[in-house]
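Spelled out from the first residue to the last, the chains are:
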Amino acid sequence: MAYLELHRLRKTFGDAVAVEDFSLSVAQGEFIAFLGPSGCGKTTTLRMIAGLEQPDAGTILLNGRDITHLPPNKRNVGMVFQSYALFPNMTVAQNIGYGLRVAGKPRAEIEQRVRAMLQLIQMEGFAQRYPHQLSGGQQQRVALARALAVQPQVLLLDEPLSALDAKIRVELRQEIRRIQRETGITAIYVTHDQEEALALSDRVVVMNRGRIEQIGTPPEIYNEPATEFVARFIGHINVLPVEVADAAAGLVRLGAQSLRVEGAPLNGRAVKLGIRPELIKLGALDHHNVLQGRVVSVTYLGAVVRVHVEVEGHSVAVDMFNEHTLNLPRPGEACALSFSPRACRLL
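Let us look at the structure shown here. (Residues numbered from 1 in each chain as written. Predicted model: local features only at pLDDT ≥ 70, side-chain atom pairs only at ≥ 80, totals over all residues. Heavy atoms only, no water.)

**Re the overall build of the chain**
Now for step 1: A count of helical and extended segments in the chain gives nine helices and 20 strands.
Now for step 2: Its C-alpha atoms give the chain principal-axis dimensions of roughly 75 × 50 × 35 Å.
Now for step 3: Considering the chain as a whole, with its 347 residues, one finds that 46% of them fall into the buried category.
Now for step 4: Restricting the contact set of the chain to residue pairs at least 6 apart, pairs at least 24 apart contribute 65%. (Helix = DSSP H or I, 4+ residues; strand = E, 2+ residues; numbered from the N terminus. Buried < 20%, exposed > 50% of the residue type's maximum accessible area, 1.4 Å probe, protein only. Contact = heavy atoms within 4.5 Å.)

**A closer look at the packing of helix α5 (residues 136-149) against helix α6 (residues 166-183)**
Now for step 1: Two numbers describe how α5 lies on α6: the axes approach to 11 Å, and their chain directions differ by 20°. For the element pair α5 / α6, the angle class is roughly parallel. With respect to the hand of their crossing, α5 and α6 are arranged in right-handed fashion. Contacts between α5 and α6 involve Gly137, Gln140, Arg141, Leu144 and Leu148 from the first element and Ile168, Leu172, Glu175, Ile176 and Ile179 from the second.
Now for step 2: Residues belonging to the contact of α5 with α6 are distributed by class as follows: six nonpolar, two polar and two charged. (Axes fitted to C-alpha atoms, helices over the stretch in contact; angles between N-to-C directions. Parallel < 35°, antiparallel > 145°, perpendicular 65-115°, else oblique. Left-handed = near helix turned anticlockwise from the far one by under 90°. Nonpolar A, V, L, I, M, F, W, Y, C, P; charged D, E, K, R; others polar.)

**Overview of the packing of aromatic side chains**
Now for step 1: Tallied over the entire structure, the rule returns four aromatic pairs.
Now for step 2: Pairing phenylalanine 22 with phenylalanine 34 gives two aromatic rings, centres 5.5 Å apart and planes at 65°, and the pair type is edge-to-face. Placement of phenylalanine 22 in strand β2 (residues 16-26) and of phenylalanine 34 in strand β3 (residues 31-35) is noted, with a sequence separation of twelve residues between them. Comparing phenylalanine 22 with phenylalanine 34 shows no difference in burial state: the two are buried. (Phe/Tyr/Trp six-rings, centres within 6.5 Å; stacked < 30°, edge-to-face > 60°.)

**A short note on the sheet that holds β3**
Now for step 1: The strand order across the open sheet built from six strands is β6-β7-β8-β3-β9-β10, with neighbouring strands paired in mixed fashion. Sheet topology places β6 (77-80) and β10 (211-216) at the edges, where each strand pairs with a single neighbour. The mean inter-strand angle of the sheet, taken between neighbouring strand axes irrespective of direction, is 20°.
Now for step 2: Across four bridges, the pairing between β3 and strand β9 (residues 203-208) is parallel. Each bridged residue has a counterpart across the sheet, and for leucine 35 the counterpart in β9 is valine 206.
Now for step 3: Along the sheet, α5 contacts β6 and β7 (154-158); its crossing angle with β6, the most-contacted strand, is approximately 170°. (Pairing = 2+ DSSP bridges.)

**Notes on the pattern of salt bridges**
Now for step 1: Inspection of every chain in the model, using the stated rule, returns 16 salt bridges.
Now for step 2: The salt bridge partner of glutamate 30 is arginine 203, with a shortest N-O separation of 2.6 Å. Of this pair, glutamate 30 sits in the loop between β2 and β3 while arginine 203 is found in strand β9, placing the two residues 173 residues apart along the sequence.
Now for step 3: The partner of arginine 253 in a salt bridge is glutamate 243, with the nearest N and O atoms 3.7 Å apart. Taken together, the residues arginine 253 in strand β12 (residues 251-254) and glutamate 243 in strand β11 (residues 238-246) connect sequence positions ten residues apart.
Now for step 4: For arginine 253, a relative accessible area of 30% gives the class partly exposed.
Now for step 5: Taken together, the salt bridges that share partners define one network made up of Lys11, Arg47 and Glu53. (Salt bridge = Lys/Arg side-chain N within 4 Å of Asp/Glu carboxyl O.)

**A closer look at unusual backbone geometry**
Trans is the prevailing form of peptide bonds, just as negative phi is the prevailing case for residues other than glycine.
Now for step 1: Notably, arginine 8 is not glycine yet its phi reads approximately 50°, a positive angle.
Now for step 2: With respect to the helices and strands, arginine 8 occurs in strand β1 (residues 4-13).
Now for step 3: Classification of arginine 8 by relative accessible area gives partly exposed; the value is 47%.
Now for step 4: Positive phi outside glycine occurs at tyrosine 84, with the angle close to 70°.

**Brief notes about the sheet that holds β11**
Strand pairing in a sheet is mediated by backbone hydrogen bonds. Such pairs are either parallel or antiparallel.
Now for step 1: The five strands lie next to each other as β13-β12-β11-β14-β20, forming an open sheet whose pairing is antiparallel. The open sheet terminates on both sides in strands that have one partner only, identified here as β13 (257-260) and β20 (345-346).

**Considerations on the nonpolar core**
Now for step 1: Counting 36 residues, the largest nonpolar core has Ile96, Leu144, Leu148, Leu155 and Leu157 as the members making the most contacts within it.
Now for step 2: Those elements giving two or more residues to this core turn out to be α2 (92-96), α4 (107-120), α5, β7, α6 and β8 (186-191).
Now for step 3: A per-element tally of this core places α5 first, with seven residues.
Now for step 4: Filtering out sequence-adjacent residues up to four positions away, isoleucine 96 remains in contact with Val114, Met117, Leu118, Val142, Ala145, Arg146 and Ala149.
Now for step 5: Within the second largest apolar cluster, 27 residues are counted, among which are Leu9, Ala18, Val19 and Ile32. (Core = buried A, V, L, I, M, F, W, Y, C linked by side-chain atoms within 4.5 Å.)

**Topic: the packing of α4 against α5**
Now for step 1: Where α4 contacts α5, the axes come no closer than 10 Å and their chain directions differ by 135°. Between α4 and α5, the angle is such that the two are oblique. As α4 packs across α5, the resulting crossing turns out to be right-handed. Between α4 and α5, the contacting residues are Arg113, Met117 and Leu120 on the first element and Ala145, Leu148 and Ala149 on the second.
Now for step 2: Class assignment of the residues belonging to the contact of α4 with α5 gives a composition of five nonpolar, no polar and one charged.

Honestly, that's just the spatial picture; any functional story needs more than this.
Structure representation (structure tokens):
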């Protein structure tokens, strides 16, 4: 049996369906990311696990115990909010120990646990400071320590880094993952940031319009998207409308040009073909699909240079690592694009 099990959860607000038929099994110590656009139901699902929302249907089991209708304070679940939600009139130490004091723990136990949490978040010298004396990243660390201090069975994080600037987000997400691994706690992390989800999690749950689109490891989600929505939402991808030319031979046609596809059945006549920009090379290569086109634009994106090529009326992006020896085409030039048949993903 899974440590945390969500079975066919459903939640509506009036006539609007926020979550529909949501089922997920989470192993103990696993780090799961709920990923999707705003309004897809990821935070509502998290709040149902926390007990802040009641499902209209479905069940939630935690370590074999049905917690579907228990109040939040009876679930032994910790939650970290986007807004930190620290008490401004309490010191860092008092904020971290708040849940333990509410639970009536002895003073010596509280002090020992607070010291351990301060060490875990590497803020031992900040115990007597107040929230307004901390940076945003430090405040979020304190919020994380407060949630962990009560030793919850599951840690829930609702877009905890979205209010921070990019550099601090990267640093703090590494800290969150370190802390999760050190404590071994089961964690569910809500985010709309694809890079964050891929970098942090053991598995990603991609959601759209209240439903699960795909569940998989970060490599599976990126390299093997199950739907066009997942392919477009995770990273950048070229999606080209093609027609099946010879299903038995794995041949499809883009306009007047033919391509070979491996590892996927060809059903019907019209399909969509997905190709990641980094899997395409400029120039004609042997044993590869080759498309002829014309360069539209060349864009520098820092470590990557993106070339857009028009092929049969469609724009195809090609990504290359930026280096001094890179020989780039100019807009208007004719060029060939090459990619392996295995790089093609039918959507």
